[in-house]
Each structure stands twice: as structure tokens, then as C-alpha cells.
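Coordinate analysis (summary)
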Amino acid sequence: MTKALSALLVLLLATIVNAGKDGTLSDYASHEGGTISGYTFTTTNGEKLRVSPSGDHIIRVQAVRADEDFLPDNYYEMVANHEMGGRLTLSESEKGFTLSTAASDGLDLMISKKPMRLTFVQKQGKKTLTKEEEGITWSGTRCDVKLAVSDDHFFGAGHPEYARLNKLDLTGTEIKRNYGHQAPLIVPFFISHKGYGIFLNTNFENRFRFGVENEYSFGFDDKGYGGRMDYYFILGPKVSDILERYTQLTGKPRLPQKSIFGLHLSDKGSPNDSDEQWWMKTISAHRAAGYPIDHIVNDNRWRAGTGAWAGSRFEWSIKEGRYPDPARWARWVEQNGLTMTLDLNRNASASCWGWDPSFNIPNAECAKYNQSVPDFSSEKVRNWVWELFWVKSIDPSLKYPGDCFWMDEPDDLYCIPDETVTADGRRWAENKNSYFFDIARAVVKEGWDNENNNEPAGIGPVKRPFVWVRGMSAGGQRYATAWTGDVNCDYLSMAQHIRSMQASGLSALPYFNHDAGGFHNPGPNDNLYRQWSMAFGSFSPIWRPHGMGNDRWPLTRPSECQKDAMFYAHLRYEMMPYIYTMAWQAHATGMPMARAMMIDYQDEPQAWNSDLQYMWGDSLLIAPDCSDGGNKVTVWLPAGNDWYDFHNGTKYTGGQTIDYAAKTGILPIFVKAGAIIAKAPYATSTFWIPADKRTLDIYAGADGSYDLYDDDGITEYFRTKSEFAITNISYEDKSKTVKIAAAKGQYPDMPKTRQYCVNIYNIEGSVPMAINNTRLTEYKSEQEALNAGRGCVYFPEEKRMLIVTQPVSMKVDTVVSIAD
């Protein structure tokens, strides 16, 4: 018997012994421990409470009943970092204990003795954040933490199946984020607007009650298979701090290649025609018409066999003739500035190279294609899937295509009985919530990164992976992301996706990925295509119109659709420096690309309810129109700033709600005063965007500061070798001075010089401008200034001053100011 199985047997025996021992954490009896390891308290009934630090702002709480043991730290892999350090100082009084983290802005945890109940207090201001009422309770197979009634507002906790989220503020609801049906985002982590978050560290079925029947609680149902209460209390107090600390704990989101932030298009609308020639013809026609594309999404047809959902396998269709020479195809793809996704449907597993019937999860007879139910808790199965990818496409010696993997349909195994024992000795009741995580670690951690030093070797840091799975679990963000499944083509689904995108960001999965416009037949009609596939889609982290029925390629649509597609393509690609910087910030800090309003305005009640609008980075407020258009869109403009209509420059005073008239195809976009938006010349591939030219759009009315991020866009060397550069750009409104600081850092092929076009909006009248105190010639047109190599132009109808710099060194400061 292996050590793992022995430990599980002990765990199950302890569970049987304690079956039926309902109750709550009782009175204090004794304690032991120290400032670094934390403290373990024993009650008069033999229960144990362990409290330990994870840095200066996180406290871990674990509880077991008498005769139960705490689980090892690495029992679950959702937590990536068990070495965050920290110290807890304990003081005792007659009535209880106070445990304090070391930081002056940290936490005090107060524990009463009779009975043992926990209260979390923010040191600064001695603000009570939350406290237990009934405390930690056991009832049958459930274990819950029952909190006192509060006026908190709660957010995050992933999203339901199909991203059908009808309310971002979870207050007053009961939610369960568990395996079942398509594309659940299983993240048992929520955030309170009062400045804290709680992460429940278990894979058993979770439940959160945020005021339902006046109950505030969180917990799980272990079905009798040995669950343990284990949670992390995370102090902010800012939401941005909570997210950063949560991703320090569970892992940084994996930054994809820059190409992934370009336009994705697929062959789903041409299931009987697509092959190598079809792709080449279709891409070439769209590029010739001026439309971009960066990423090829293969949906079955590339695969050997039928090239359909059923009857195909993960292998290039060489014999069938659809891709007679994959290496030649790969060369064309690379030469044309493209990357590519290869898909594997769960149902095709048994027909693929290397499959063995022993790889199946037991008791899966109820599932569709029940001979293709891989048990990813098995190391052999995880090795198999990576070997399959390697042997059939991504071994560098083959020179075949393959940059990304789409792991489709692993979410339809909900019929497997909970009591089923999987390969790692655990029950399906415990493992189903981690199934998506196990897929992600198979493909990326143990495959692409080859952390286990397996054969074959991985890809390693020379290229970043992008893996998208129909569903994801907490911690999986460090390897992969989710997509939201086969969603409906209607405005209700669009609205639900706007909310779920924000919830995904609040759950540390910032690279939200969905079928923009919906999936099902007959596909989006023309208005929905304009409003969702193009407008909202282009202002979501991953822009991927995809689905059955009506084609999603712009040239297959009427002229009005084509016009909107071109408009949003230009916006997306010209804003790529701004977007890619957002993507890097999401990796580095956990800050979502698409931010719920409560992140930046967490104390504003309107922010909690304004869940059909969001911040796109620091500077842009987006409010998609979830209708055919021609209606009024309600938009809340927060106080503290003026806001500009992106389309016509109209200025609005912050602190008001407006009804914005939006025609079909017009996405309401508002720019915050003081905004600095980095842009680049338009190109039809992110690979072709010049690195030595940037435009800075600055909106007067407030000071601003912005860090522009650059790296090679492909490799992991930005994190393994610190090969990246950050350029700080600041704007002082009173003096109308723009400072472009010397870039900090370096990466291969970084340009030595860069030419900037600086636009300052809301300037009343022309003013003489200078670069580094050298006065500029004022021209009548932008082209004249560009031809001259530098200069300035004033556009009175836009109230815009344009300053064109000469190519300036990226390693010295450049200052644009009003001339003396």
C-alpha cells in the first residue's frame, strides 16, 4: 500500500469515528505553538483550531474535530505558496486571545475562550471586519463557518455554468460554485467591500450564504469523505490589495503571448469546407480588405479521421488531404503573423494515440462516450495527454503548428457517483471540483513547463502557453484560463457575460474568454453581431467571435457589420500597447483587465450595482448596449473626475448617472480626465505592430501617470530573466507638461529610439509647444508635422494639440511642454 493510500485510509477511518459528531467549536482548554508556525488551540471537547500566518496580511484558519488530523499543506494544490512567511504575536487575557500580524497595517485576530469564536480586526483604525456568531459548526456531512449578521456587500466567487450571472453583487443570495454542466468557474473566494477576502481551501462541494434568511456563512459538504475546514482570511483594505495577495497565495495568472490579445477567428461556421486552402484563402481575403487576424482557432477539422466532433482524433489529417504537409502549413502561419490553437474534445480521447482503457475514471458508464473519460488525478494520464500533444504536433523536430490548446468538454461528467474512487485514492466527490485544475497542470505544469522532468521534454520558456478549458478551478490561473461554453446568442447572455467577465477578474482569472456573440444556431443576427461580437467583444480580454450558424468573419456580413468590424479592429489594434500593459499588470498584480466598478470605487454604493459597465484598465469606462441599439444606456460616471465621451469629446462632470443615446454599433466609452492611453500604428497582426512608434492620447483636466510595459511578446523571459522594459509617462495638467521617462529595463530587439505622437485633448486654443525646451514649429496638418520629423498641430474642432517628437532615445527622459 502506498503512503498516499495509507494516509487516505487513516483519514477515512477518522471520518467514520467522528460521523455524527455534530456541534460547534467549544470552550478553550489549552494551546501550543509559536510566532512563526502559528498556534494550535484545543477545546474542552477535543476539537483543534490552528491559526497561522501567511505573510503580514493573511491569516490561515484550520479546524478539526476530536481525533481528526489536519491535512498536509500540499494536500490541495490550489495554494501555490506555503512559504509566505509572517509572524503572529499572541497575547492572552482572561476572556481570550489576540493574535497580531507583524505589519502595522495588518490584522488582529481576536479569539474568545468561552466559547471559541473568531473576530477579525483591521489594525489601522481598529475596524472590525467580520466576526463569527455560531462559529465553526459541524452538522452531518457539512462544515460551515457561521458569521454574524452584517451589512457587507460581497463579490467574486467565480461564475455559474455558461457564465449565467445575473447579479455581480452577491448580497442576499446563496451560491454554489461546483462541478456540473458547462463551464463553471469554481473559485471559492469572495471579497467584501469592507476590505477583506476569504478563500475556502477545499475541493468538496462549497456553499456560500450571503444573507439568505439572514444567514452569513461559508462551508462545504464532504459527503462523509473526510473534509477539513481550512480557509485564508486576506486583508486589503483596497480590493486591489486583496487581489494581489490572493494571487501571491494561489499563483499569478499566466501571461499569454501578445498575439492572444489580437483577433481570434475559427472555422466553426464552415465545418464542411475548412482545410489548409480554406484558411489561406479566407485569411488572405480579410487581410487584403484591411481586417486583422492574429489567432487561428481550429475546431475539429484539422484532426485526422472524420474531421468532425465524432470520429476524429488528435492528429493532423495528412492522409485525408486536408493538411497534407503540416510543416509547410506551419511556415505559412508563421510568415503571416499568426498563432494557432489545436483542440481536443474529451469524447475523442479513446481514439487517440497512446490511450489505454485503464486511463478511464471508474463508474463512468453513465457518461456520453464513456470509454473516453480520462482520470487526470493519475500521473500516467497526465503524462499521456502531454505525450500525445508532443508526438502528434508540438515536438519541435516535427516543425508542425501548435501554440495553444483548447481542452473541450471536460465538464459533462456530473453523473459519475460521488463514491467513485479515482486514481489518487480520493473520491469523485472531492476530485470533481479540481478536474479542470488537474487538466491545466497536466498540460502546462507537468507538460509545457516539464516541472516533473518527464520524457518527452516540455517547450519551456522559449514560448508562452495559452490553454483554455471549458471550466476552471481556483489556482488554475497560473497554468490556464477558462472559456464559458456553448452560450446562447441573445442579449440576456450578453449581459450575463459582462457580469461574469467582471466576476472572473475578481476571481483571479483576468483573461476572460468567451464566444463573443454566442455559439448556438443560427448564430447572432446582424445587430447582435455589431453590439456583442464586435463592440463588446473587442473590449473584452480575449476577442474571439466563434460559433455555429452565421459566420463570424467580417467579410461574410453586410456592409454595416463590416464597417463596425473595421472600426473596432482599428481601436483594438491601435490600443494594443495599452491592452498588453493591462495584460501584464493582471499577471504581475492580479488586477483584472476588465475591472468591476467596485475595484476602483469600493465604497460607492452605485459601484456595487453598476454591473453592466466596467473599467477597461485605469482610464476607460465601458458600458455596452445590451439591445439592438437606438436606446438610452444608463451609465454611472463616478465622482472625483471629469469624463469625456470617447466618440465626440463631450465632457461630463463626475458624480452623475446619465442616459446615453447609443446607435446600433456604438459602444459607449468614456475617458477619465488625466488618462494616458498608449497606442500604436494599426497593423493586421500584432507581430507587425512597430515597436519604435507610439501615440499617447492624454485627456486634460487632471494630472496623470502611466507605466507602459514592453517585452518580446512571445517568451517567458520577461519573468525568468527579467527581460522587459517599463516606461513611466506622467502628465501635469496645470503646466500641460508630459514627461516620458527613460525606460527601465531591457529586452532583446528593444528599439534604441522611439518616435511619439502626443495628443492632448481639451486644450482651449493653440499654444506653442517644445520638446526638451526646444520650441517646435507649428504646422497645419498632422502629415506636415510627420513629414518634417517633428512639430505640433492644433485641431480646434477636437480641442486637440498634437506634438510629434523626433525619434528619441528610450534611455533618456523626454519632456513635452509649453514653450517659454
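Residues numbered from 1 in each chain as written. Predicted model: local features only at pLDDT ≥ 70, side-chain atom pairs only at ≥ 80, totals over all residues. Heavy atoms only, no water.

**A short note on the overall build of the protein chain**
When helices and strands are tallied, the protein chain shows 15 helices and 50 strands. The principal-axis extents of the C-alpha atoms in the protein chain amount to approximately 85 × 70 × 50 Å. When the 820 residues of the protein chain are sorted by exposure, 63% land in the buried category. Roughly 28900 Å² of accessible area belongs to the protein chain as shown, and the carbon and sulfur atoms make up 48% of that amount. With 85 positive and 101 negative side-chain charges, the protein chain shows a spacing of 2 Å between the two charge centroids. (Helix = DSSP H or I, 4+ residues; strand = E, 2+ residues; numbered from the N terminus. Buried < 20%, exposed > 50% of the residue type's maximum accessible area, 1.4 Å probe, protein only. Areas by Shrake-Rupley, 256 points an atom, 1.4 Å probe, with all protein chains shown as cover. Lys, Arg positive; Asp, Glu negative; His and termini not counted. Charge placed at Lys NZ, Arg CZ, Asp CG, Glu CD.)

**Notes on the sheet that holds strand β24 (residues 339-345)**
If you walk across this open sheet you meet the 6 strands as β20-β21-β24-β25-β26-β28, and the pairing is parallel. Looking at the sheet topology across the chains shown, the edges are occupied by β20 (264-266) and β28 (481-482). Bridging between strand β21 (residues 295-297) and β24 involves 3 bridges; their strand directions are parallel. Bridge pairing links H295 to T339 in β24. (Pairing = 2+ DSSP bridges.)

**Some thoughts on the sheet that holds strand β2 (residues 28-34)**
If you walk across this open sheet you meet the 8 strands as β2-β3-β4-β5-β19-β16-β15-β12, and the pairing is antiparallel. Two strands bound the open sheet, and with one partner strand each, they are β2 and β12 (154-156). The sheet shows a mean angle of 20° between the axes of neighbouring strands, taken without regard to direction. In the sheet, β2 pairs with strand β3 (residues 38-43) via 6 bridges, with the strands oriented antiparallel. The residue of β3 that forms the bridge with H31 is F41. (Axes fitted to C-alpha atoms, helices over the stretch in contact; angles between N-to-C directions.)

**With respect to the state of the cysteines**
This model, assessed by the stated rule, comprises 1 disulfide. We note that C757 lacks a disulfide partner, and the nearest cysteine sulfur, in C792, lies 12 Å from it. A residue is classified by how much of its surface remains accessible, and C792, at 1% relative accessible area, is buried. (Disulfide = S-S within 2.5 Å.)

**Looking at the packing of helix α10 (residues 559-574) against helix α11 (residues 576-589)**
Geometry of a packed helix pair, given as the angle between the helix axes and the separation of the axes. At a minimum axis distance of 5 Å, the contact between α10 and α11 shows a crossing angle of 60°. The angle between α10 and α11 places the two elements in the oblique class. Within the contact between the two elements, α10 uses R572, Y573 and E574 and α11 uses M576, P577 and I579. (Parallel < 35°, antiparallel > 145°, perpendicular 65-115°, else oblique. Contact = heavy atoms within 4.5 Å.)

**Side note on the packing of aromatic side chains**
Tallied over the entire structure, the rule returns 62 aromatic pairs. Here the aromatic rings of Y578 and Y706 are separated by 6.1 Å at their centres, their planes lie at 20°, and the arrangement is stacked. Of this pair, Y578 sits in helix α11 while Y706 sits in strand β39 (residues 704-710), and the two are 128 residues apart along the sequence. Each member of the pair Y578 and Y706 is classed as buried. In textbook terms, an aromatic cluster arises when at least three aromatic residues are bridged by ring pairs, as seen for W302, F314, W316, Y323, W329, W332, W386, F389, W390, F405 and W448. We note K721 situated over the ring of Y717; from NZ or CZ to the ring centre the distance is 4.2 Å. (Phe/Tyr/Trp six-rings, centres within 6.5 Å; stacked < 30°, edge-to-face > 60°. Lys NZ or Arg CZ within 6 Å of the ring centre and 35° of its normal.)

**Some thoughts on the side chain of R60**
Inspection of the secondary structure puts R60 in strand β5 (residues 58-64). Among the polar contacts listed, one links the side chain of R60 to the side chain of D230, at a separation of 2.7 Å. If we ignore the near neighbours within four places in the chain, the residues touching R60 are R50, V51, S52, D73, H82, N201, D230, Y231 and Y232. (Polar contact = N/O pair within 3.5 Å; in protein donor to acceptor, adjacent residues only side chain to side chain.)

**Things to note about the pairing of β24**
A large share of β24 lies buried, amounting to 7 of its 7 residues. The pairing of β24 with strand β25 (residues 404-408) spans 5 bridges and is classified as parallel. Across the sheet, L344 pairs through a bridge with M407, a residue of β25. Each parallel crossover has a hand, and for β24 linked through helix α5 (residues 379-394) to β25 it is right-handed. (Right-handed = clockwise from strand over helix to strand, strands pointing away.)

**Structural notes on the environment of Y162**
For Y162, the position within the fold is in the loop between β12 and β13 (174-175). For the pair Y162 and L185, spaced 23 residues apart in sequence, the C-alpha separation works out to 9.2 Å. The residues contacting Y162, other than those within four sequence positions of it, are Q182, A183, T484, D486, V487 and H497.

**Some points on the layout of surface pockets**
Taking a probe equal in size to a water molecule and rolling it over the atoms shows the remaining empty space. A volume near 760 Å³ is recorded for the second largest pocket. If you go around the second largest pocket, you meet 30 residues; those closest to its centre are K679, D697, N759, Y761 and R800. Counting residues per element, the ones that place at least two in the lining of the second largest pocket are α10, β38 (693-699), β43 (753-761), α15 (782-788) and β48 (800-804). Counting residues per element, the lining of the second largest pocket draws most heavily on β38, at 5 residues. (1 Å grid on protein atoms, 1.4 Å probe; cavity = no way out; pocket = protein on both sides within 12 Å on 5 of 7 lines; lining within 4 Å. Points joined across faces, edges and corners; volume = space filled by probe spheres on them.)

**Structural notes on the nonpolar core**
By size, the foremost hydrophobic cluster in this structure holds 239 residues, and its most contacted members are L49, F389, F405, F539 and W616. In terms of residues, this core owes the most to one element, helix α7 (residues 435-448), which gives 9 residues. Residues contacting W616, with those up to four places away along its chain left out, are F539, S540, P541, R572, Y578, I579, M582, M593, A594 and I622. By size, the runner-up hydrophobic cluster in this structure holds 6 residues, among which are C757, V793, L802 and V804. (Core = buried A, V, L, I, M, F, W, Y, C linked by side-chain atoms within 4.5 Å.)

**Points about the pattern of salt bridges**
Following the criterion strictly, the structure yields 52 salt bridges and no others. For D230, the salt bridge is made with R60, and the minimal N-O distance between the two is 2.7 Å. A residue pair is termed long-range when its members are at least 10 positions apart, and D230 in strand β19 (residues 229-235) and R60 in strand β5 qualify at 170 residues. D230 sits in the buried class, given a relative accessible area of 8%. Put simply, R470 and D486 hold a salt bridge, and the shortest N to O gap is 3.6 Å. Of this pair, R470 sits in the loop between β26 (466-469) and β27 (472-473) while D486 sits in the loop between β28 and α8 (491-505), placing them 16 residues apart in sequence. Residues R470 and D486 agree in their burial class; the two are buried. Here the salt bridges share partners, and the residues they tie into one network are E77, R382, D438, R441, K445 and E446. (Salt bridge = Lys/Arg side-chain N within 4 Å of Asp/Glu carboxyl O.)

**What to know about the confidence of the model for the protein chain**
For the protein chain, the average pLDDT comes to 96, and 98% of its residues sit at 70 or higher. Taken together, the stretch residues 1-20 has pLDDT below 50 and engages in 24 contacts with residues farther than four places along the chain or on a different chain. (pLDDT = per-residue confidence, 0-100.)

**Quick notes on the side chain of T484**
Structurally, T484 can be placed in the loop between β28 and α8. Owing to a relative accessible area of 1%, T484 belongs among the buried residues under this scheme. Polar side-chain contacts of T484 include one of 2.8 Å to the side chain of H497. When residues no more than four places from it in sequence are discounted, the contact partners of T484 are H159, Y162, A163, A183, H497, F512, N513 and H514.

**Concerning helix α2 (residues 239-250)**
Because an α-helix packs 3.6 residues into every turn, residues spaced three or four apart end up facing the same way. Look at α2: 16 Å from first C-alpha to last across 12 residues, which is about the 16 Å you get at 1.5 Å a residue. Regarding α2, the residues found buried are V239, I242, L243, R245, Y246, T247, L249 and T250. In the segment just after α2, G251 is the residue with positive phi, at about 115°. (Expected span 1.5 Å × (residues − 1).)

**Focus on the pairing of strand β9 (residues 118-122)**
Counted residue by residue, β9 has 5 buried out of 5 residues, so it is predominantly covered. Inspection of the sheet shows strand β8 (residues 107-112) paired to β9 by 5 bridges, in the antiparallel sense. Each bridged residue has a counterpart across the sheet, and for I111 the counterpart in β9 is L118. Taking the residues between adjacent antiparallel strands as the criterion, β8 and β9 are bridged by 5 residues. Sheet topology places β9 next to strand β10 (residues 127-139); 4 bridges connect them, and they run antiparallel. Across the sheet, residue Q122 finds its bridge partner in β10, namely K127.

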